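# Close look at the chain arrangement
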Amino acid sequence: MDTTSVIRLSVFISVFFIMAMLEAFLPARKSTLSRKERWVGNLSMVVFGAVVSRLLVPASLVGMSLWASEKGYGLFNILFASNSTLVSAVLVVVGVLLLDVVIYWQHRLFHTIPLLWRIHKMHHADSHVDTTTGLRFHPIEIVISLGVKTAAVVAFGVPVLAIVIFEVALNGFALFNHANIRLPQKWDDRLSTLIITQRLHRIHHSQAKEESNSNFGFSVSWWDKVFNSFKSRAHESDDKLPIGQRDVPPTKDNASMLSLLRQPFSRPAKD
Ligand SMILES: [Zn+2]
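Residues numbered from 1 in each chain as written. Predicted model: local features only at pLDDT ≥ 70, side-chain atom pairs only at ≥ 80, totals over all residues. Heavy atoms only, no water.

## A closer look at the UniProt feature "transmembrane region" (unreviewed entry) in the protein
Cut-off, in case you're wondering: UniProt positions are given in the numbering used here, feature names are shortened, and annotations may be inferred rather than shown by experiment. Runs of H or I in DSSP of at least four residues are treated as helices and runs of E of at least two as strands, each being numbered from the N terminus.
In the numbering adopted here, UniProt assigns the feature "transmembrane region" (unreviewed entry) to residues 6-28, 40-66, 86-105 and 151-176. Each end of residues 86-105 is marked by a C-alpha atom, and these two atoms are 29 Å apart; helix forms 100% of the span and strand 0%. Taken end to end, residues 151-176 is 88% helix and 0% strand, and its two terminal C-alpha atoms sit 27 Å from one another.

So this is what it looks like as structure tokens:
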């Protein structure tokens, strides 16, 4: 296994373990379904996503970045052909921010375009939000996202280090902000000026459309502020806010692995 994969896997396992422990001892909300009933389906999506994307997109993002820099493709490679350490460092920071804003818009479009919403709705159909929800994405969404990131990496010539930092952070933040925990209000208010906290992200998982069409950010909260989609409070308090999708009730059948894979095809694309 290469170093990048080792870093990604260690951060993933550590954050997952810490969030799962916190959820077990200090849960913010109760779930109708048991852990086992939801976790098998949610966790299996990681495996499906990885296998399908490996089969369809054999080149990794890092591989694409190396290829683009070797060929001199992409904005950064064209503008800064021979760069100093300072320029390289700035390009890494800009590269991370760029990928983050691309993912913000990708997420927003997944909510706006009906065909994409059909696929992303499976993520929102989780009747309860916990750290495994951060892994519950349909394999088609994973593949589309990989395509979008690949296009951004090649078009801008995003450096390898920026990709590694971004991928590790995106994964870690997804586990963090889906966790079924509640930070003390004071911390939450302070932190949410910078990052998407669990409470802010639960607003994004609300059944109310005007609330799920807000807080699209995965990591920092400033894209939502810049692009006018930030919502600091929901219509209900965090412990009572109805979460999930009304037409996908919290039954065992709706949480099974096959049902998650089938959802985009078997249900009408209505809100
Ligand atoms: Zn969403």
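Let us keep going from here.
## Considerations on the environment of serine 5
What counts here: Remark: exposure states derive from per-residue accessible area (1.4 Å probe, protein chains only) relative to the maximum for the residue type, with buried under 20%, exposed over 50%, and partly exposed in between.
By the element assignment, serine 5 lies in helix 1 (residues 3-25). Taking the relative accessible area as the measure of exposure, serine 5 reaches 25% and is therefore partly exposed.

## Focus on the coordination of the zinc ion
Under the convention used in this document: Only nitrogen, oxygen and sulfur atoms count as donors, using a 2.8 Å cut-off from the metal that widens to 3.2 Å for Na, K and Ca. Water is left out, so coordination shells may look unfilled.
Those protein atoms acting as donors to the zinc ion are His107 (NE2), His111 (NE2), His120 (NE2), His124 (NE2) and His204 (NE2), and they sit at 2.1 to 2.2 Å. Summarised as a motif, the one-chain spacing of the donors to the zinc ion is H-x3-H-x8-H-x3-H-x79-H. Of this pair, histidine 111 sits in helix 5 (residues 85-112) while histidine 124 sits in helix 6 (residues 114-124), placing them 13 residues apart in sequence. As far as burial versus exposure is concerned, histidine 111 and histidine 124 are alike and both buried.

## A look at the nonpolar core
Our working rule: Within this scheme, the nonpolar core is defined by two criteria: the residues are buried Ala, Val, Leu, Ile, Met, Phe, Trp, Tyr or Cys, and they are joined through side-chain atoms within 4.5 Å.
Counting residues in hydrophobic clusters, the biggest one holds 16 residues, and the most contacted among them are Leu99, Val153, Val158 and Ile163. When contributions to this core are tallied by element, the ones reaching two or more residues are helix 3 (61-71), helix 5, helix 7 (139-156) and helix 8 (160-178). Counting 11 residues, the second largest nonpolar core, distinct from the first, contains Val15, Leu135, Leu175 and Ala179.

## Concerning the pattern of salt bridges
What counts here: Definition used for salt bridges: Asp or Glu carboxyl oxygen within 4 Å of a side-chain nitrogen of Lys or Arg.
Tallied over the full model, the rule gives 10 salt bridges. Of the charged contacts, one joins arginine 38 and aspartate 130 as a salt bridge, the two residues approaching to 3.0 Å between their closest N and O atoms. You can see arginine 38 sitting in helix 2 (residues 35-56) and its partner aspartate 130 sitting in the loop between helix 6 and helix 7, a full 92 residues away along the chain. Take arginine 38 and aspartate 130: they sit in the same class, and that class is buried. Salt bridges here are not isolated pairs; linked through shared partners, they connect Arg38, Asp126, Asp130 and Arg136.

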